[in-house]
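Structural overview
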Amino acid sequence: MVAGAGPGGMTAGLVASLEGLDVLICEKSQQVGGTGSTSAGTLWIPGNSAGEAAGFADSAEDARSYLKALVGDDGADPRRDIFLREGPGIIDDLTRRTALDFVSCGHHPDYRNNLPGAGSSGRAIIPAPFDGRLLGKDFARVRSPIDDYFLLGGMMVGKVDIERLLGRYQSMENFVHAARLVLRYLADRLRHARGTRLVMGNALVAQLYYSLKKNHVPVLFGAAFKELVVEAGRVTGAIVTTDSGSVRIGARKGVVLATGGFAHNPRFRTIFMPDPPPVHSMAVSENVGDGIEAAERAGARLDAGRARRGGLWSPVSLVRRKDGSTGLYPHILLDRAKPGLIAVNGAGRRFVNEGVSYHDFVEAMYRSNETAPTIPAWLICDAAFVRKYGLGVIHPGTRNVRKFEKSGYVIRGDRIEGLARKLNIDAGTLAQTIARHNRFAAKGVDEDFGKGETELNRFNGDPENRPNPCLAPIDSPPFIAVAVWPAEIACSAGLATNGDAQALDAGDRPVDGLYACGNDMASIMAGHYPGPGTTLGPALVFGYRAARHAARGGCETIRT
Ligand SMILES: Cc1cc2nc3c(=O)[nH]c(=O)nc-3n(C[C@H](O)[C@H](O)[C@H](O)COP(=O)(O)OP(=O)(O)OC[C@H]3O[C@@H](n4cnc5c(N)ncnc54)[C@H](O)[C@@H]3O)c2cc1C
């Protein structure tokens, strides 16, 4: 039995079925996908064969050096090594035997690419676009991405699509690509509630669900895992609540917990997250730590990771939706590194190289918050920047931000002093900060934080902008600010597991019959974020290993 139909749980269920087991996946909500459906869908798999086929040299050895430099020694934890050794083969096996289909991300630098062993191309893979129509009426069972990832109210676009759409008048190839996207979408909308050309995390979860259906693996919707059944020291089943009451489900080979981690569990947020715990979370609301709490009651141990930060972060801005709810927009890659934007704290000072990874940006927010209020921090730019690159949910090309000002999304000032007053920041300090940044922009060298110096910065910057692709003056009023808050895109603390994803007890012995993967399992990166796909790579690899271990009589083997 598998609890949770996100990427981790669906992989475990799929592989268990391929290995000949009878599988039941219990999903609390009415749809598959969980947070994975809202994700970019990138997997970090050093040495993967899609990268190799595309001509990118990589090796587990290089990745091992990189992780050693970033995370440190893994001591007695064998999982990182297993992940590096087995990851590429597992992805190959999955693509051979299921509808999963990945392509190389190509050039996509690791997030600390100045460390030894860091990669710049080929380490990350993304799911190929998936045609949701293949699912028939069950397309409605795939959870939607966040609203802000849609264009025209329901069309998904990936990074390449965005580049083609923005450059649609620059080449015939771009124009044809853009026209095809829009025509397909318009045709889709005659029959479907949203576009059926799925990309990123939505393509990943749809490919997994499609594979499950082809293998006749049942997903029981509206079935919330509550408790483990433990008999003679072994997990033999689970209690699940459904509309018609509680059901006891027997599990001969084991229970895999994949309920997405503890994101919305206030107790665990206080224990595992930094102070003050982030108020916002990007996880789906169902992820309240059901799997982890039940495993704890059954004697499993939690692992906070050495970084003791409990989460993997992104700065998010708050979007007021039409229905009155508040949406979260993750500032992952489209705006922070671009030239002409700075981030300041409540003292009006910069505190970070704005082009670092989303995780490192939030880590810097917490560090800065120790000396000056930095929660929220402010991303500040001018009207020319917004027109060219967009800002958060504001699309490039936007000339008038008054609508966004009125909704409270941004704060606007015709002069820096006026903006500072509205932000409750000392006007003189903010003016000095911007003037200093503008001097750096003229020289092309950020003497304070080195924006534009790393490969990752430049990758997300604007190559057309010279001399530094990440620096341009902020001097074209009105001036615009958006508040960003820390939020986790994934939990990093979770259940301690071994290399077969078996949950471990306080003495590091496997809890017989109990497995965890995805965010229910403590991250193998111990609170660090090496590169794109840091959580989904391990989620699939250890979902696979859990299922294989259970199927091959692992539980019985361990008992004898
Ligand atoms: C904007 C964004 C972008 C991201 N991009 C990436 C990326 O590109 N690469 C990457 O590696 N990571 C990315 N992530 C993180 C990634 O999405 C998560 O780490 C991943 O989805 C975790 O997978 P999971 O299966 O553990 O949990 P989830 O995907 O959250 O799935 C958990 C499932 O369990 C269900 N559930 C919860 N409780 C119960 C219960 N009691 N019983 C039954 N079912 C239950 C939920 O409804 C859900 O369907 C991103 C996240 C966000 C928000």
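Before going into details, it helps to say that this report is about the structure given with it. (Residues numbered from 1 in each chain as written. Predicted model: local features only at pLDDT ≥ 70, side-chain atom pairs only at ≥ 80, totals over all residues.)

Some points on the nonpolar core
Judged by nonpolar contacts, the single largest core of 158 residues is most densely connected at Val-255, Ala-295, Leu-379, Ile-380, Ala-481, Tyr-515 and Cys-517. Residues lining this core come from more than one domain, with at least three contributed by each of domain 1 (1-129 + 199-310 + 492-560) and domain 2 (311-487). Counting residues in each nonpolar core, the second largest holds six residues, with Phe-440, Cys-470, Leu-471 and Ala-472 among its members. (Core = buried A, V, L, I, M, F, W, Y, C linked by C-beta atoms within 7 Å. Buried ≥ 20, exposed ≤ 12 C-beta atoms within 10 Å, placed from the backbone. Domains from an automatic or database assignment.)

Some thoughts on the pairing of strand β13 (residues 245-250)
With zero of six residues buried, β13 lies mostly on the surface of the structure. Note: strand β12 (residues 234-242) against β13, six bridges, orientation antiparallel. Residue pairing across strands places Val-240 opposite Val-247, the latter belonging to β13. (Helix = DSSP H or I, 4+ residues; strand = E, 2+ residues; numbered from the N terminus. Pairing = 2+ DSSP bridges.)

Some remarks on the site of the ligand
Within the structure, the ligand sits among 42 residues, and Gly-4, Gly-6, Gly-34, Gly-260 and Gly-518 are positioned closest to it. Breaking the shell around the ligand down by element, the ones donating at least two residues are α1 (7-18), β2 (25-27), β11 (224-231), β22 (479-491) and α16 (536-551). (Near = placed C-beta within 6 Å.)

Re the sheet that holds β11
Taken in spatial order, the three strands make up an open sheet running β11-β12-β13, and their pairing is antiparallel. Only two strands of the sheet have a single partner each, and these edge strands are β11 and β13. Neighbour to neighbour, the strand axes of the sheet diverge by 25 degrees on average, direction disregarded. (Axes fitted to C-alpha atoms, helices over the stretch in contact; angles between N-to-C directions.)

Topic: the sheet that holds strand β14 (residues 255-257)
Adjacent strands of a sheet pair through backbone hydrogen bonds, lying either parallel or antiparallel. What the six strands build is an open sheet, ordered β10-β2-β1-β14-β25-β24; its pairing is mixed. Across the chains shown, the open sheet's two edge strands, defined by having one partner strand only, are β10 (219-221) and β24 (502-504). Relative to β10, β2 runs parallel, the two sharing three bridges. Looking at the pairing, Glu-27 lines up with Phe-221 of β10.

Purely geometric numbers; function is a separate question.
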